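Spelled out from the first residue to the last, the chains are:
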Amino acid sequence: MSQATDTDVREDGIIESVSGPVVTARDLDARMNDVVYVGSEGLMGEVIEIEGNITTIQVYEETSGVSPGEPVEGTGSPLSVDLGPGMLDAIYDGVQRPLDVLEEKMGSAFLDRGVDAPGIDLEKTWEFTPEVEEGDEVEAGDIVGTVPETPSIDHKVMVPPDSEGGEVVAIESGNFNVEETVVELDSGEEIQMHQEWPVRQQRPTVEKETPTEPLISGQRVLDGLFPIAKGGTAAIPGPFGSGKTVTQHQLAKWADADIVVYVGCGERGNEMTEVIEDFPELEDPTTGNALMDRTCLIANTSNMPVAARESCVYTGITIAEYFRDMGYDVALMADSTSRWAEAMREISSRLEEMPGEEGYPAYLSARLSEFYERAGYFENINGTEGSVSVIGAVSPPGGDFSEPVTQNTLRIVKTFWALDADLAERRHFPSINWNESYSLYRDQLDPWFEDNVRADWPETRQWAIDTLDEEAELQEIVQLVGKDALPEDQQLTLEIARYLREAWLQQNAFHDVDTFCEPEKTYRIMDAAKTYNDAAFEALDAGVPVEEITDIDAAPRLNRIGVQEDYNEYIDDLEDDIESQLRELY
Amino acid sequence: MKEYQTITEISGPLVFVETDEPVGYDDIVEIELSDGETRRGQVLESASDYVAIQVFEGTEGIDRDASVRFLGETMKMPVTEDLLGRVMDGTGQPIDGGPEIVPDERRDIVGEAINPFSREYPEEFIQTGVSAIDGMNTLVRGQKLPIFSASGLPHNDLALQIARQATVPEEEEAGDDDEGSEFAVIFGAMGITAEEANEFMDDFERTGALERSVVFMNLADDPAVERTITPRLALTTAEYLAFEKDYHVLVILTDMTNYCEALREIGAAREEVPGRRGYPGYMYTDLAQLYERAGRIEGREGSVTQLPILTMPGDDDTHPIPDLTGYITEGQIYIDRDLNSQGIQPPINVLPSLSRLMDDGIGEGLTRADHADVKDQIFAAYAEGEDLRDLVNIVGREALSELDNKYLDFADRFEEEFVDQGTDTARSIDETLELGWDLLSMLPKDALNRIDEDLIEEHYREDETAEAVEA
Ligand SMILES: Nc1ncnc2c1ncn2[C@@H]1O[C@H](COP(=O)(O)OP(=O)(O)OP(=O)(O)O)[C@@H](O)[C@H]1O
Ligand SMILES: [Mg+2]
């Protein structure tokens, strides 16, 4: 969390009451959303309500043992994040305290309290290369220099968005820490690599544009059927164990974003550990560098204080916006937004606010839309273009999508990946239900797939959708009378649809090759199924019995394409074999 | 220490006291009744002139003359290695008539969160000897894997079987005996009946497990509010043994449903806005603070593995107790009423069961190279067979294809041979996987599309299919 620098000294207060994460203080002179330090241990908190002389504070650390009468100290600044080089390859808690630094400072594997640390290392030096010269005019947001932050990412040092701008009168080049001045303007303003920004406030942009490029996920069912755009929003609701986290991890690994911000919001500790252990060893498919080089992790696990869980999504999206300002495509995953909503509910109920639906505060829907509105494809104030894509997991109680968090989220997001307990139970992964899910970006992204993959991408996909739809209808009949009672052509459709499900929709996240599937391969598997379909129906028309058609030994090989590295050759051979084996039948 | 005789209100498990000096949130309180009896409680809310106290042993018999002492500290658990072999009540007082416990340390029972950065990802296979778990939903050291059961089902037998049989294969080879027993069981009972408690105690005594166990007993007729601290005492002890004394600790907590009922009772007494079905809105957070106290820590030898047991009200897994649990734990094992009535022991339904840490805990060098594929294929085949059972009731076996009939046979044999092993049999992972191949070989080779072709060549039993066709 930001070490407040522009502290305007205000009066300290006295604790009046303590109830879990909510503390009230008397005689505290603070503004709404100011950061305060609570009690003799100086626990970090944020002002969330002011009523007369009583200020209500949500505390980001455990409050056991804290008692009325202890002091509360104001900082005069709102909850902010530290921005600058050093955020990639980092892991933070919900208020941007680096967890590795905390471990060191606390000397323990357990999270103690009352320890603060800046979000970026203030002492470390970085090699600054200027991008402007003395005499240049610069405005808010302009890039004045770059720093090689990680092997994958050049960090752009920008004039702060709230600066007046001016003429560059001095500029440095070489190694500096983030607090040293690298640029001086004629107004006397000094620019450092370190900036701060209040987390609850969106960073300014020029305008939001219509996204036209897909965020390629390397997951067939997503790219193929329900693509999300760069700058788009998606929700993944599903009951426990249905695959939300694995899908989010897959996106964090394989999505073709420049930067990934992964927010573990109120979920398991081990899932964050898994990322910390895996990502440094995995290769970014675009740059070939370690995945961690483009990743910023925020971990506020379920057992960490609930107020910090409320703030962690804001911390994440502010960091995402900062990289967007540099002109990068950023993808943010929040797992799970339900835990964030529950944190709001918990704080709200301690405040004895009037509850809305299912005890959630009446402002739940407003908070969710404010958050997702911070996603988008933007023209930045420095003229670059950048995007923030937001993918939020939703954990509906009892797996029932009619609950408030799912419903309010669906009203905002444009991509809906519905996870299905039945599919998960039969280990059809990713268990994304193809009948219920949708992407409202599909049409606007089609030109990209036509230009960059195959011109007939939309038609082939439509064939796949129709086949799966027909299967769903036929299955209802099969449930009543059995498959053999169907006419031969329908039996054949069922068989083709089965291959679409098994060879195309299913994808094993834990298989070295299958885990990532480029769009070309996604197309070719779908097209291979269609090749079988077309040749099979020809054979059927020529009078070949359906059992013989489905019995050809080439067909089951469709299910093995996913795991082939040299899939082109494999598919070429397979398509030849399918066609010749069917041809032999008549 | 200041004493107050200023109780203003007594309501359910709560007592409100006027105070004139500040009291710490969560601090421990002693209440002395007029007859000299002392009860303990905890501060739930602290304001400058009053506090709300939750009384562990219940408020029955407390009147406004009772005196209240604030101990100025949060609840602590005295921990020492000597706790092994001891039996305590639900508040941590020894009830076995043994010697006084001389603590090595007194630890806060709330426990601090493990820094996610300091965790080590659990991936060490625990062989429970139960095929439905080892083969299909593998448990690893440091995992939290609850048993989702319901009243009248043999979940306790399964928990005991696991506690008895659990080993880590490579340790077996190295012969862990010379290092002394480094495996410990912590048993935290919440609101279970005396018979159930006896079942556990008898088994511990019979197998000699008691000497490496620590038992905390809150029985059905013990105060409900006390149940909210029992698991915390158990887990504090577990963390101490695991991370200070290098034990691999298995924590069995039963029955989490009773724990949640106690939370609900307290919430209602505080007139909180209830969440789903009357349970507190913070139940997720509260449960997470228990379940997340499982795991491994970088640089420490020991581990805490949790096996919580819960009985699903109305066999309904969308009920908030199993639902929130499932959202926190790393999978779950379902005990199934139908399988139980068919006499299958343990009656584990593998389809909805899940171990999320399985993928990194199995495979070459850990279990066996074919493990993942075999598991995937069995799941697929069993699910297929299960589906067909509905259909066969309508159309009869004759209307089904030959392959479909094989799937039906597969599902039957899977339940009868793979799952049903009895509570006294321990199978090695090799035996489990070989059994898996015996069953899979009923199906034609090209139906095994989840298994690598080389593995099929290596393990497929060529004659099984022939046999099945003849039969
Ligand atoms: N694409 C996939 N490939 C293989 N296995 C998968 C895939 N997706 C999910 N799984 C399996 O499903 C399990 C549960 O998935 P996951 O942990 O993502 O569920 P979740 O929806 O996040 O649950 P919760 O809400 O409890 O966090 C995983 O541990 C894994 O075994
Ligand atoms: Mg998850």
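Note that the structure is a prediction, hence the values are computed from the model and not measured.

**A word on the pairing of strand β9 (residues 86-89) of chain B**
Residues and elements named next belong to chain B.
Argument step 1. The alternating pattern of β9 places R86 and M88 on one face and V87 and D89 on the opposite face, and all of these are buried.
Argument step 2. Two strands pair when backbone bridges link them, and β9 and strand β16 (residues 213-219) are joined in this way by 4 bridges, in the parallel orientation. The residue bridging M88 from the neighbouring strand is F216, located in β16.

**Observations regarding empty space enclosed by the protein**
Here the idea is plain: a probe the size of a water molecule rolls over the atoms and shows the empty space left.
Argument step 1. In the structure shown here, the tally under the stated rule is 3 cavities of 30 Å³ or more.
Argument step 2. The calculated volume of the largest cavity comes to roughly 170 Å³.
Argument step 3. In terms of lining residues, the largest cavity is bounded by 16 residues, among which R345 and P397 of chain A together with G275, R276 and L324 of chain B are the most central.
Argument step 4. Among the secondary structure elements, those contributing two or more residues to the lining of the largest cavity are α6 (337-350) of chain A together with α7 (283-291) and α8 (320-328) of chain B.
Argument step 5. Of all the elements, α8 of chain B adds the most residues to the lining of the largest cavity, at 3 residues.
Argument step 6. When its residues are assigned to classes, the lining of the largest cavity shows 8 nonpolar, 2 polar and 6 charged.

**Regarding the sheet that holds strand β10 (residues 137-138) of chain A**
Residue and element names in this part refer to chain A.
Argument step 1. Strand order in this open sheet of 4 strands is β10-β13-β15-β16, and the pairing throughout is antiparallel. Each edge of the sheet is formed by a strand with only one pairing partner; in this case those strands are β10 and β16 (190-192).
Argument step 2. Looking at chain direction, strand β13 (residues 166-171) and strand β15 (residues 181-185) are connected through 3 bridges and run antiparallel. Bridge pairing in β15 places A170 opposite E184.

**Comments concerning the UniProt feature "domain: Rhodanese" (unreviewed entry) in chain A**
Argument step 1. UniProt records the feature "domain: Rhodanese" (unreviewed entry) for residues 320-349 of chain A in the present numbering.
Argument step 2. Along residues 320-349 of chain A, the helical share is 63% and the strand share 23%, with 30 Å between the first and last C-alpha atoms.

**Points about the domain arrangement of chain B**
Interface size is commonly expressed as the accessible area that is lost once the parts come together.
All names here are of chain B.
Argument step 1. Along its sequence, chain B is organised into domain 1 (3-73), domain 2 (77-360) and domain 3 (370-459).
Argument step 2. Centre-to-centre, using C-alpha coordinates, domain 1 lies 31 Å away from domain 2.
Argument step 3. Counting residues at the interface gives 13 residues for domain 1, matched by 12 residues for domain 2.
Argument step 4. For the pair domain 1 and domain 2, the summed buried area comes to about 1000 Å², and 57% of that belongs to carbon and sulfur atoms.
Argument step 5. For the domain 1 face of the interface with domain 2, the top three residues by lost area are P13, R40 and F56, together amounting to 41%.
Argument step 6. Seen at the junction of domain 1 and domain 2, the total is 2 salt bridges.
Argument step 7. In this structure, E73 and R106 form a salt bridge, with 2.9 Å as the shortest nitrogen-oxygen distance.
Argument step 8. Elements that contribute at least two residues to the side of domain 1 that touches domain 2 include exactly β5 (38-47) and β6 (50-55).
Argument step 9. Its residues placed into classes, the side of domain 1 that touches domain 2 shows 5 nonpolar, 3 polar and 5 charged.

**Looking at the UniProt feature "domain: ATP synthase A/B type C-terminal" (unreviewed entry) in chain B**
Argument step 1. Per the UniProt record, "domain: ATP synthase A/B type C-terminal" (unreviewed entry) is annotated on residues 360-459 of chain B.
Argument step 2. For residues 360-459 of chain B, the end-to-end C-alpha separation is 23 Å, with 64% helix and 0% strand making up the annotated structure.

**Examining the environment of F510 of chain A**
Argument step 1. Inspection of the secondary structure puts F510 of chain A in the loop between α12 (488-505) and α13 (519-541).
Argument step 2. Along the primary structure F510 of chain A and D116 of chain A are separated by 394 residues, whereas in three dimensions their C-alpha atoms are 38 Å apart.
Argument step 3. Not counting residues within four places of it along the chain, the set of residues in contact with F510 of chain A comprises V246 of chain A together with D359 of chain B.

**Examining the site of ligand 1**
Argument step 1. Taken together, 21 residues lie around ligand 1, and G241, K244, T245, V246 and R268 of chain A are the ones closest in.
Argument step 2. The environment around ligand 1 is built from residues contributed by chains A and B.
Argument step 3. Between ligand 1 and the protein, one listed contact pairs an oxygen atom with a backbone N or O atom of V246 of chain A at 2.7 Å.
Argument step 4. Taking D359 of chain B, its side chain carries an N or O atom lying 3.3 Å from an oxygen atom of ligand 1.
Argument step 5. When ligand 1 is considered free in solution it has 630 Å² of accessible area, and contact with the protein chains removes 95% of it.
Argument step 6. Contributing elements (two or more residues each) for the shell around ligand 1: α3 (244-254) of chain A together with α8 of chain B.
Argument step 7. Broken down by element, the shell around ligand 1 gets its largest block of residues, 3 residues, from α3 of chain A.
Argument step 8. Grouping the constituent residues of the shell around ligand 1 by class yields 9 nonpolar, 7 polar and 5 charged.

**Digging into helix α4 (residues 269-278) of chain A**
Argument step 1. In terms of burial, α4 of chain A is a largely internal element, 8 of the 10 residues being buried.
Argument step 2. For α4 of chain A, the set of buried residues is G269, N270, E271, M272, T273, E274, V275 and I276 of chain A.

**What about the sheet that holds strand β12 (residues 154-158) of chain A?**
All names here are of chain A.
Argument step 1. Reading across the sheet, the 4 strands line up as β12-β11-β9-β14 and stay open at both edges, with antiparallel pairing between neighbours. Of all the strands in the sheet, just β12 and β14 (174-177) have a single pairing partner and so form its edges. Taking each pair of neighbouring strands and ignoring which way they run, the sheet shows an average axis angle of 40°.
Argument step 2. As paired strands, strand β11 (residues 143-148) and β12 are joined by 5 bridges and run antiparallel to one another. Paired with I143 across the two strands is M158, which belongs to β12.

**Structural notes on the UniProt feature "binding site: ATP" (unreviewed entry) in chain A**
Residue and element names in this part refer to chain A.
Argument step 1. Residues given the UniProt feature "binding site: ATP" (unreviewed entry) here are G238, P239, F240, G241, S242, G243, K244 and T245.
Argument step 2. In this fold, S242 is placed in the loop between β19 (233-237) and α3.
Argument step 3. For S242, a relative accessible area of 1% puts it in the buried group.
Argument step 4. When residues no more than four places from it in sequence are discounted, the contact partners of S242 are L419, A424, F429 and S431.
Argument step 5. In this fold, G243 is placed in the loop between β19 and α3.
Argument step 6. Judged by relative accessible area, G243 falls into the buried class, the value being 18%.

**A closer look at the interface of chain B and chain A**
Argument step 1. Each partner contributes to the interface: chain B provides 79 residues, whereas chain A provides 70 residues.
Argument step 2. Buried surface at the junction of chain B and chain A, summed over both partners, amounts to about 6100 Å²; 51% is from carbon and sulfur atoms.
Argument step 3. Of all residues in chain B, Y25, F117 and Y327 of chain B bury the most surface against chain A, accounting for 13% of the area lost on that side.
Argument step 4. For R426 of chain A, the salt bridge identified is with D387 of chain B, shortest N-O distance 2.8 Å.
Argument step 5. At the junction of chain B and chain A, the tally comes to 33 residue pairs in polar contact (both at pLDDT 80 or more).
Argument step 6. At 7 residues, helix α11 (residues 371-395) of chain B tops the list of elements feeding residues into the side of chain B that touches chain A.
Argument step 7. When grouped by side-chain class, the residues that make up the side of chain B that touches chain A number 37 nonpolar, 18 polar and 24 charged.
Argument step 8. Relative to β5 of chain B, strand β1 (residues 13-19) of chain A runs antiparallel, the two being bridged by 2 bridges. The residue bridging S17 of chain A from the neighbouring strand is A47 of chain B, located in β5 of chain B.

**What to know about the domain arrangement of chain A**
Argument step 1. By the assigned domains, chain A splits into domain 1 (13-80), domain 2 (121-193), domain 3 (207-442) and domain 4 (457-583).
Argument step 2. A C-alpha centroid distance of 36 Å is found between domain 1 of chain A and domain 2 of chain A.

**Some words on the confidence of the model for chain B**
Argument step 1. Per-residue confidence for chain B gives a mean pLDDT of 90, with 96% of residues at or over 70.
Argument step 2. Across residues 175-181 of chain B, confidence stays below pLDDT 50; counting only partners more than four residues off in sequence or on other chains, it has 3 contacts.

**A few points about the UniProt feature "domain: ATPase F1/V1/A1 complex alpha/beta subunit N-terminal" (unreviewed entry) in chain B**
Argument step 1. Here, UniProt's "domain: ATPase F1/V1/A1 complex alpha/beta subunit N-terminal" (unreviewed entry) annotation points to residues 7-72 of chain B.
Argument step 2. Helix and strand shares over residues 7-72 of chain B are 0% and 58% respectively, and the end C-alpha atoms of the span are 18 Å apart.

The rules behind these values
- Residues numbered from 1 in each chain as written.
- Chains lettered and ligands numbered in written order.
- Predicted model: local features only at pLDDT ≥ 70, side-chain atom pairs only at ≥ 80, totals over all residues.
- Heavy atoms only, no water.
- Buried < 20%, exposed > 50% of the residue type's maximum accessible area, 1.4 Å probe, protein only.
- Helix = DSSP H or I, 4+ residues; strand = E, 2+ residues; numbered from the N terminus.
- Pairing = 2+ DSSP bridges.
- 1 Å grid on protein atoms, 1.4 Å probe; cavity = no way out; pocket = protein on both sides within 12 Å on 5 of 7 lines; lining within 4 Å.
- Points joined across faces, edges and corners; volume = space filled by probe spheres on them.
- Nonpolar A, V, L, I, M, F, W, Y, C, P; charged D, E, K, R; others polar.
- UniProt positions renumbered as here; feature names shortened; annotations may be inferred.
- Domains from an automatic or database assignment.
- Contact = heavy atoms within 4.5 Å.
- Buried area = accessible area lost by both parts, 1.4 Å probe.
- Salt bridge = Lys/Arg side-chain N within 4 Å of Asp/Glu carboxyl O.
- Near = heavy atom within 4 Å.
- Polar contact = N/O pair within 3.5 Å; in protein donor to acceptor, adjacent residues only side chain to side chain.
- Areas by Shrake-Rupley, 256 points an atom, 1.4 Å probe, with all protein chains shown as cover.
- Axes fitted to C-alpha atoms, helices over the stretch in contact; angles between N-to-C directions.
- pLDDT = per-residue confidence, 0-100.

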